[in-house]
Amino acid sequence: MLYVVGVGVCKGHLTRKAIELIKNADVVYGSKRALKLAEDYIVCEKRVMKYSDDEYRRIEKESKDKNVVILSTGDPMVSGLGTKFNGSIEPGISSVQVALVKLGVDLCDVVVVDAHAKKPENLNELLRFRHLLILADRKFDISIFGDRGVYLMENLCMENEKVVCDKAVGLEVRSDYTIVFVRR
Ligand code: SAH
């Protein structure tokens, strides 16, 4: 069996179900960060995963006669590994949810946009309808929002967590773990 299991973004985010799946695994794959978040519950071999389609298909074959758990940071269905594998998916708490809680904003009032290693278009257009919550990395050009006030939420739940609120112009995204929030 193959399970893609969300590990959340902060220590303590794993659900009981996720813990059970991890404890019953024969092998656990994940990024260094995901493996660290789940380390208390991994009792089998752990492997740092390579992010390529060939690797995903190889792991799927491996899961034919083993219990394989793929750890996905946050939630597997928020720009995560959930769509990459043919298997069963266990949800986790996303950085999106952690950011919304800090902002006091409801998910239904925002558009979530993935700008992690991508360049989405027409972001200022979307602001006509909803607040924007952007999954960003250091390549994201925040200056497109000009004089608007934005929140940069960096490294949530890490020791260097920082939230900055200022005019977009003059700011820059300094961490690959950044959520950008722009009020409509
Ligand atoms: N599945 C993950 C998202 C993976 S995409 C989740 O549910 O959180 C990677 C993007 O997620 C990063 O570019 C960043 O925008 C966001 N992200 C992940 N962890 C973060 C954290 N601890 N703090 C701030 N943003 C984070």
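Right, let's walk through the structure included here. Residue indices follow the written sequence of each chain, beginning from 1 at its first position. Local features are withheld for residues below a pLDDT of 70 in this predicted model, meaning they are given only at 70 or higher, and side-chain atom pairs are given and counted only at 80 or more; totals for whole chains, interfaces and linings count all residues. Excluded from the side-chain calculations are hydrogens and water; all other atoms, namely the structure's heavy atoms, are used.

## A closer look at the environment of R138
Then comes step 1: Position of R138 relative to the elements: it lies in the loop between β7 (131–136) and β8 (149–154).
Then comes step 2: What makes R138 exposed here is its relative accessible area of 51%.
Then comes step 3: Considering only alpha carbons, one finds R138 and D176, 38 residues apart in sequence, at a separation of 5.2 Å.
Then comes step 4: Two residues qualify as a contact provided that any one of their heavy atoms is within 4.5 Å of a heavy atom in the partner residue. In this structure R138 touches V173, R174, S175 and D176, once residues within four positions along its chain are discounted.
Then comes step 5: Nitrogen and oxygen atoms within 3.5 Å of one another constitute a polar contact, given that in protein one can donate a hydrogen and the other can accept it, and given that sequence-neighbouring residues count only through two side-chain atoms. A polar side-chain atom of R138 sits 2.9 Å from a polar atom in the side chain of D176. Where helices and strands are cited, they refer to DSSP runs of H or I of at least four residues and of E of at least two residues respectively, numbered from the N terminus. Throughout this description, buried means an accessible area under 20% of the type-specific maximum (1.4 Å probe, protein chains only), exposed means over 50%, and partly exposed covers the range between.

## Details of the sheet that holds strand β9 (residues 162–167)
Adjacent strands of a sheet form backbone hydrogen bonds with each other and so pair up, either parallel or antiparallel.
Then comes step 1: Spatial ordering of the open sheet is given by β6-β7-β10-β8-β9, a layout of 5 strands whose pairing is mixed. Each end of this open sheet is capped by a strand with a single partner; those strands are β6 (110–115) and β9. Put simply, the sheet's adjacent strands are angled 20° from each other on average, direction ignored.
Then comes step 2: Relative to strand β10 (residues 178–182), β7 runs antiparallel, the two being bridged by 5 bridges. Paired with L135 across the strands is I179, a residue of β10. Paired strands are those between which DSSP finds at least two bridges. The axes are straight lines fitted to the C-alpha atoms, using for helices just the contacting stretch, and the angles between their N-to-C directions are given from 0 to 180°.

## Let's talk about the sheet that holds strand β1 (residues 2–6)
Then comes step 1: On the basis of which strands lie adjacent, the open sheet formed by 5 strands has the order β3-β2-β4-β1-β5 and parallel pairing. Looking at strand neighbours, the two that pair on one side only are β3 (45–48) and β5 (88–90), the edges of this open sheet. Averaged over all pairs of adjacent strands, the angle between their axes in this sheet comes to 25°, without regard to strand direction.
Then comes step 2: Alignment of strand β2 (residues 27–30) against strand β4 (residues 68–72), held across 3 bridges, turns out to be parallel.

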